[in-house]
Amino acid sequence: MESKIYVAIPAYNASKTIGNVVSAALKHVSTVIVIDDGSTDNTAIVAFEAGAGIITLGKNKGKGNALKIFFQKAIQEKFDAVITLDADGQHDPEEIPLFLHEHKLFPESTIVGNRFREKEKIPDARYNAMRIAQFYISLSANQYLEDSQCGFRLYPVAIIKNIPLTTERYVTESEILMKVGDMGKTIRFVDIKTIYNNSKSYLTPVYDVSSIAAYVISYIHIKWFVEGLTPNNPYTYSTIGYIRDTLGEKKELEYVFSNSYRVYSASCKHIFLFGV
């Protein structure tokens, strides 16, 4: 029996590109859903006219919030998997069959696009940041991740429905990979095109990058603590009562905890760059 899969596209002020992305995706799946994340242009209208189902948010709440809505929809409507891709054209919908084929072979695996096949196309600053993130997120996930920051992914609903997500914005994609791997589940990769089309990025270099770093570092520290209490067990993540999730669910504690790690990660960066 064929899997029931839909394509999920979070979009913010993407009216220039969203129509083509939706039309191309519909060649490969029967359902495409776009979340208009508080856009001030006609993103929702263009996406609807191209054939997408639309969820409109009155206020921009970021990618993490959009992913949670997509996953909840997939659970409620009994989809088997969700494919996520960006609205700005940096992911080629014509490569969706690569994910569908890999999912058919490995239905329990989370599948991620790997852009490093064409690494020469990646701007140097992004390449270095991606490699650093790749190293630390791989540590947390107990497996080598070829590209930990690519948002072109296929998520099996059977796995994602059991993972509490406590982060926001761009941190959530890293949170998912760390937890999936730390549960003992496999993350697989398919080579995709590396596309940089001068579209505007809404990732903020200070806030979002520091938030990702703070979460990853704090997760690793807690993981190592739990590993110390349970020797010979690298798979430390539990979906019930895990320390890092408990902190994330209590916003006041999360604020204090994350900010302390932001200061820590910023200090490490300063020492690394300037030697003081």
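Our structure's up above, just so we're on the same page.
Residues numbered from 1 in each chain as written. Predicted model: local features only at pLDDT ≥ 70, side-chain atom pairs only at ≥ 80, totals over all residues. Heavy atoms only, no water.

Novice: What exactly am I supposed to notice about the sheet that holds strand 6 (residues 153–156) here?
Specialist: Within a beta sheet, neighbouring strands are joined by backbone hydrogen bonds and run either parallel or antiparallel to one another. Strands sit in the order 3-2-1-4-6-5-7 across an open sheet of 7 strands; the sheet is mixed. Each edge of the open sheet carries a strand with a single partner, namely strand 3 (53–57) and strand 7 (187–191). Shown here is a sheet whose adjacent strand axes are inclined to one another by a mean of 20 degrees, direction ignored. Pairing analysis gives 5 bridges linking strand 5 (residues 110–114) to strand 7, with the strands arranged parallel. When the sheet's bridge partners are listed, Val112 is paired in strand 7 with Phe189. Contacting strand 1 (5–11) and strand 2 (32–37), helix 1 (residues 18–25) crosses the sheet at an angle of about 175 degrees to strand 1. Sheet contacts for helix 4 (residues 96–105): strand 1, strand 4 (81–84), strand 5, strand 6 and strand 7; angle to strand 7, the most-contacted strand, approximately 145 degrees. (Pairing = 2+ DSSP bridges. Helix = DSSP H or I, 4+ residues; strand = E, 2+ residues; numbered from the N terminus. Axes fitted to C-alpha atoms, helices over the stretch in contact; angles between N-to-C directions. Contact = heavy atoms within 4.5 Å.)

Novice: What am I meant to see in the nonpolar core here?
Specialist: Taken as a class, soluble globular proteins show a tendency for nonpolar side chains to be buried jointly. Val7, Ile9, Ile18, Val22, Val32 and Val34 are the most contacted members of the largest nonpolar core, which has 55 residues in total. Sorting elements by how many residues they give to this core places helix 8 (residues 207–229) first, with 7 residues. Beyond its immediate chain neighbours, meaning those up to four positions away, Val22 contacts Ile9, Val32, Val34, Ala47, Ala50, Gly51 and Ala52. Of all hydrophobic cores here, the second largest spans 11 residues; its members include Ile33, Leu57, Phe70 and Val157. (Core = buried A, V, L, I, M, F, W, Y, C linked by side-chain atoms within 4.5 Å. Buried < 20%, exposed > 50% of the residue type's maximum accessible area, 1.4 Å probe, protein only.)

Novice: Explanation requested: the packing of aromatic side chains in the structure shown.
Specialist: Within a pair of aromatic rings, the relevant descriptors are the distance that separates the centres and the angle that separates the planes. Scanning the entire structure with this criterion turns up 9 aromatic pairs. Taking 5.9 Å as the distance between ring centres and 35 degrees as the angle between the ring planes, the aromatic pair formed by Tyr219 and Tyr242 counts as tilted. Within this pair, whereas Tyr219 is found in helix 8, its partner Tyr242 is found in the loop between helix 8 and helix 9 (243–249), the two being separated by 23 residues in sequence. Tyr219 sits in the buried class, given a relative accessible area of 0%. Here the basic side chain of Arg131 rests over the ring of Phe116, its NZ or CZ set 4.0 Å away from the ring centre. (Phe/Tyr/Trp six-rings, centres within 6.5 Å; stacked < 30°, edge-to-face > 60°. Lys NZ or Arg CZ within 6 Å of the ring centre and 35° of its normal.)

Novice: When you look at a nonpolar patch on the surface in this model, what are you seeing that I'm missing?
Specialist: Judged by side-chain polarity, Ile132, Phe135, Tyr136, Leu139 and Trp224 come together as a nonpolar surface patch covering roughly 530 Å² of accessible area. Sorting elements by how many residues they give to the nonpolar patch places helix 5 (residues 124–141) first, with 4 residues. Under the relative-accessibility criterion, Leu139 is labelled partly exposed at 37%. (Patch = residues over 30% accessible without salt bridge, like charges linked within 9 Å, V, L, I, M, F, W, Y side chains within 5 Å. Areas by Shrake-Rupley, 256 points an atom, 1.4 Å probe, with all protein chains shown as cover. Salt bridge = Lys/Arg side-chain N within 4 Å of Asp/Glu carboxyl O.)

Novice: Explain helix 7 (residues 171–182) to me, please; I cannot follow it from the model alone.
Specialist: It helps to recall that an α-helix has 3.6 residues per turn; residues three or four apart then point in one direction. If you check helix 7, its first and last C-alpha atoms are 16 Å apart, about what 12 residues at 1.5 Å a residue would give, namely 16 Å. Across the 12 residues that make up helix 7, a large majority, 12, are buried. Those residues of helix 7 not exposed but buried are Val171, Thr172, Glu173, Ser174, Glu175, Ile176, Leu177, Met178, Lys179, Val180, Gly181 and Asp182. At the exit of helix 7 stands Gly184, carrying a positive phi of roughly 95 degrees. (Expected span 1.5 Å × (residues − 1).)

Novice: Got a minute to help me understand the environment of Ile18 in this structure?
Specialist: Among the structural elements, Ile18 can be located in helix 1. A relative accessible area of 0% places Ile18 in the buried class. Sequence spacing of Ile18 and Ala50 is 32 residues, and the spatial spacing of their C-alpha atoms is 8.4 Å. In this structure Ile18 touches Ile9, Ala11, Val34, Thr43, Val46, Ala47 and Ala87, once residues within four positions along its chain are discounted.

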